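Summary of the model geometry
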Number of protein chains: 2
Amino acid sequence: MTAEGMDSEDFEGMIAGLRDVANWKKGKRDGFVAHVPSTVDVRAIRAAHNQTQEGFARTYGFSIASVRDWEQGRRQPERAARILLAMIAKEPQTVKRVMEGL
Amino acid sequence: MTAEGMDSEDFEGMIAGLRDVANWKKGKRDGFVAHVPSTVDVRAIRAAHNQTQEGFARTYGFSIASVRDWEQGRRQPERAARILLAMIAKEPQTVKRVMEGL
DNA sequence: CTAGCATATGCGGCATTGCCGTATATAAAT
DNA sequence: ATTTATATACGGCAATGCCGCATATGCTAG
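In this report, we go over the structure that sits alongside the text.

About the cut-offs
Residues numbered from 1 in each chain as written. Chains lettered and ligands numbered in written order. Predicted model: local features only at pLDDT ≥ 70, side-chain atom pairs only at ≥ 80, totals over all residues. Heavy atoms only, no water. Near = heavy atom within 4 Å. Polar contact = N/O pair within 3.5 Å; in protein donor to acceptor, adjacent residues only side chain to side chain. Helix = DSSP H or I, 4+ residues; strand = E, 2+ residues; numbered from the N terminus. Nonpolar A, V, L, I, M, F, W, Y, C, P; charged D, E, K, R; others polar. Least-squares fit on C-alpha atoms with pLDDT ≥ 70 in both. Contact = heavy atoms within 4.5 Å. Buried < 20%, exposed > 50% of the residue type's maximum accessible area, 1.4 Å probe, protein only. Buried area = accessible area lost by both parts, 1.4 Å probe. Salt bridge = Lys/Arg side-chain N within 4 Å of Asp/Glu carboxyl O.

**Side note on the protein's contact with DNA strand C**
Taken together, 20 residues form the shell around DNA strand C, and within it A:Arg43, A:Gln53, A:Arg74, A:Glu78 and B:Arg68 come nearest. The share of sugar and phosphate among atoms of DNA strand C within 4 Å of the protein is 52%. A:Gln53 is positioned such that a nitrogen or oxygen atom in its side chain is 2.8 Å from a phosphate oxygen of DNA strand C. Within the backbone of B:Gln76, a nitrogen or oxygen atom sits 3.2 Å from a phosphate oxygen of DNA strand C. Looking at the surface near DNA strand C, the elements that each hand over two or more residues are helix H2 (42-47) of chain A together with helix H4 (64-71) of chain B. Here the surface near DNA strand C gets five residues from one element, more than from any other, and that element is H4(B). When grouped by side-chain class, the residues that make up the surface near DNA strand C number two nonpolar, six polar and twelve charged.

This is the structure in structure tokens:
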């Protein structure tokens with residue numbers, strides 16, 4: 001076999017798997033281990049929701065400045081932000097629903 | 001009536017409501033407006049899950065250092081982190097479920 | 001055509017956080 | 001008493017969060 005035809009997703013999965021194995025060997029087997037995407041396309045997520053930067057920011061609680069910086073590549077969203085963004089990308093309604101009660 | 005018997009949660013709700021009204025008057029009526037808790041008791045959340053700082057961090061993708069800093073009051077989790085933490089506090093299973101597919 | 005409004009871009013700037021590393025408590029277990 | 005797991009306490013620097021503002025871009029009405 002070869003490595004041809006593999007995309008970054010495959011690698012992400014492999015990395016996650018390897019980390020799980022490492023954790024297992026270290027005795028850390030309490031189960032679930034979060035996979036934090038190392039990069040997020042904020043603009044794409046926002047676009048998929050047809051919202052302005054301001055609207056998107058207000059909807060999910062980000063500051064406009066941060067959304068701007070992220071989209072302009074001036075700053076990279078941090079871990080927690082990346083997770084939240086990924087969740088928004090995946091299940092916006094769920095995220096909104098849970099956030100409503102906060 | 002009096003203000004007796006009201007806890008911070010009541011006020012949080014009122015603030016959120018007032019902000020919504022303000023946004024409405026400003027013509028920002030695309031709906032949902034996130035309410036980002038200004039403070040979060042990380043230790044309490046983690047304790048409610050019976051996890052070590054390390055386990056908690058790994059489960060949700062935070063860095064151990066950050067969880068430490070948060071619990072020791074050395075740093076305040078940022079917006080996105082506060083939202084995520086609040087969501088974890090409210091619906092840990094949902095958060096985990098959505099995160100599994102990332 | 002162009003004035004006006006909504007959005008987005010670019011960027012200076014500083015306080016604050018993220019995150020790494022490590023040395024030191026604490027407490028429970030062997 | 002020694003080991004092991006967990007938490008505390010900081011030093012420290014790179015990087016982000018977030019504010020404010022000037023400028024560009026696009027669209028729509030006059």
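**Comments concerning the protein's contact with DNA strand D**
Neighbouring DNA strand D are 20 residues, the closest being A:Arg68, B:Arg43, B:Arg46, B:Arg74 and B:Glu78. Counting only the atoms of DNA strand D within 4 Å of the protein, the fraction contributed by sugar and phosphate is 54%. Within the side chain of B:Arg46, a nitrogen or oxygen atom sits 2.8 Å from a phosphate oxygen of DNA strand D. Broken down by secondary-structure element, the contributors of at least two residues to the surface near DNA strand D are helix H4 (64-71) of chain A together with helix H2 (42-48) of chain B.

**Remarks on the relation of the copies chain B and chain A**
When chain B is brought onto chain A, the operation consists of a screw motion whose angular component is 180° and whose axial shift is 0.0 Å, with 0.0 Å RMSD remaining. These values place the two chain copies in the arrangement generated by a two-fold rotation axis. Nearest to the rotation axis, the C-alpha of B:Ala80 is located 2.9 Å from it, this being the minimum over chain B. When the interface residues of chain B are mapped onto chain A, 100% of them again lie at the interface, so the same face is used by both copies.

**Quick look at unusual backbone geometry**
Residue and element names in this part refer to chain A. Positive phi values are uncommon outside glycine, yet Asn50 reaches one of about 50°. Here Asn50 is to be found in the loop between H2 and helix H3 (53-60). For Asn50, a relative accessible area of 71% corresponds to the exposed category.

**Quick look at the interface of chain B and chain A**
Tallying the contact residues gives 35 residues for chain B and 35 residues for chain A. Between chain B and chain A, the buried area comes to about 3300 Å², and carbon and sulfur atoms account for 65% of it. Where chain B meets chain A, there are two salt bridges. We note a salt bridge from B:Glu91 to A:Arg97, for which the minimum N-O separation is 2.9 Å. At the boundary of chain B with chain A, the tally comes to twelve residue pairs in polar contact (both at pLDDT 80 or more). Elements supplying a minimum of two residues to the side of chain B that touches chain A: helix H3 (53-60), helix H5 (79-90) and helix H6 (92-100) of chain B. Among the elements that make up the side of chain B that touches chain A, the one with the highest residue count is H5(B) (eight residues). Taken together, the residues of the side of chain B that touches chain A sort by class into 16 nonpolar, nine polar and ten charged.

**Considerations on the environment of B:Ser63**
Along the chain, B:Ser63 turns up in the loop between H3 and H4. A sequence separation of ten residues divides B:Ser63 from B:Gln53, and the C-alpha atoms of the two residues are 9.5 Å apart. Contact partners of B:Ser63, with chain neighbours within four places excluded, come to A:Arg79 and B:Ala57.

**Let's talk about the pattern of salt bridges**
Under the counting rule described, the total for this entry stands at ten salt bridges over all chains. In this structure, B:Arg58 and B:Glu54 form a salt bridge, with 3.6 Å as the shortest nitrogen-oxygen distance. One end of the pair is B:Arg58 and the other is B:Glu54, both in helix H3 and four residues apart, which spans about a single turn. On the accessibility criterion, B:Arg58 (13% relative accessible area) is buried. In the salt-bridge network here, residues are joined through shared partners; they are A:Arg43, A:Arg46 and A:Glu71.

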